[in-house]
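Overview (structure and organization)
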Amino acid sequence: MPHPGPTTRPNTEPNTGPNTGPNKPNTEPIRMPELMSHDRADLDRFLDGVVLAHVAFVDDAGAPAVVPTAVARWGDRLVAHGSTGSRWMRQVARGGPVAVSIAAIDGIVVARSAFESSLIYSSAVLFGSFVVLAGEERAEALDVLTERLLPGRTDEVRPPTTREIAATMVLAMPIAEWSLRISDDWPEDAEDDVAGSAWAGQLRFGAPTATPFAAPDLRPGVPVPASVAAVRGVR
């Protein structure tokens, strides 16, 4: 199976533009350039449909690290949050370079051979660095993250306290340097395989179901809120 995701490599060419230069990632693919999208609208649409990202960085000891975290697109920035005591957040908050990988798997391209089979997916890698948000920006970004997870939830719960906000670090990274790969096609089998008896096509994953479970200490009579009931697939 071909490996999903944008393929990047260090760029050692002279600096001739904003996305080139020594030690900067090359966002153009090595393989299968036809799968790449350079349309920012495609990237925004993809980012608005996912939550989980993996942030890669190098720590002070020179060791590589990758950490999963929830993210949300906020205009031209990607925002994430966590505890002020988080070691990885304190590390990237210093402004060092990071790579953020995000992927969504929507199905399987079932070819007539294992070699030609692949995934139906979208995958993006964003390059840059994070900055710490403070004041009104931090509070607004927290609302953006909450609304990304459950639209309408901020109207159903109390505002965060001063203590809660002080214990939360919010990071933002400009969406400026990125690559996006979208794979959604039919099998490309050799003529000999097409003439054979093996089935070929796509296996599409359906929308996942979501089932709300009340907390053990929930007071009797408190209904499922609109934000939860509105989640696609809730039953």
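Higher on the page you've got the structure.
Notes on the structure in this doc start here.

What counts, and where the lines are drawn
- Residues numbered from 1 in each chain as written.
- Predicted model: local features only at pLDDT ≥ 70, side-chain atom pairs only at ≥ 80, totals over all residues.
- Heavy atoms only, no water.
- Helix = DSSP H or I, 4+ residues; strand = E, 2+ residues; numbered from the N terminus.
- Buried < 20%, exposed > 50% of the residue type's maximum accessible area, 1.4 Å probe, protein only.
- Contact = heavy atoms within 4.5 Å.
- Arc of directions from axis to C-beta.
- Polar contact = N/O pair within 3.5 Å; in protein donor to acceptor, adjacent residues only side chain to side chain.
- Pairing = 2+ DSSP bridges.
- Salt bridge = Lys/Arg side-chain N within 4 Å of Asp/Glu carboxyl O.

A tally of regular secondary structure across the protein gives 6 helices and 12 strands. Burial analysis of the protein (235 residues in total) assigns 31% to the buried set.

This paragraph deals with the side chain of Thr69. In this fold, Thr69 is placed in strand S5 (residues 64-74). On the accessibility criterion, Thr69 (9% relative accessible area) is buried. The contacts of Thr69, once residues within four sequence positions are left out, are Val51, Leu52, Ala53, Val55, Ala80, His81 and Trp88.

Moving on, we get to helix H1 (residues 40-47). All of the buried residues along H1 are Leu43, Asp44, Phe46 and Leu47. Looking straight down H1, one finds its buried side chains confined to an arc of 165 degrees; they lie on one side. Put simply, Asp39 is the residue that caps the front of H1, since its side-chain oxygen is 2.8 Å from the backbone nitrogen of Ala41.

Let us now look at the pairing of strand S8 (residues 118-128). Burial runs high along S8: 9 of the 11 residues are buried. Taken together, the 11 bridges between strand S7 (residues 98-110) and S8 define a ladder with antiparallel strand orientation. Each residue of the ladder has a partner; that of Ser101, found in S8, is Val125. Pairing of S8 with strand S11 (residues 177-183), which is carried by 7 bridges, proceeds in the antiparallel orientation. Residue pairing across strands places Val125 opposite Ser179, the latter belonging to S11.

Per the counting criterion, the structure on display carries 11 salt bridges. Arg40 serves as the salt-bridge partner of Asp76, at 3.0 Å between the closest nitrogen and oxygen. Note that Asp76 is positioned in the loop between S5 and strand S6 (77-83) and Arg40 in helix H1, a separation of 36 residues in sequence. Between Arg45 and Asp42 there is a salt bridge, with the nearest N and O atoms lying 2.4 Å from each other. Note that Arg45 and Asp42 are positioned in helix H1 at a spacing of 3 residues, about one turn of the helix. Looking at Arg45, the relative accessible area reads 55%, which means it is exposed. One continuous salt-bridge network, built from bridges that share partners, spans Arg40, Asp44, Asp48, Arg73 and Asp76.

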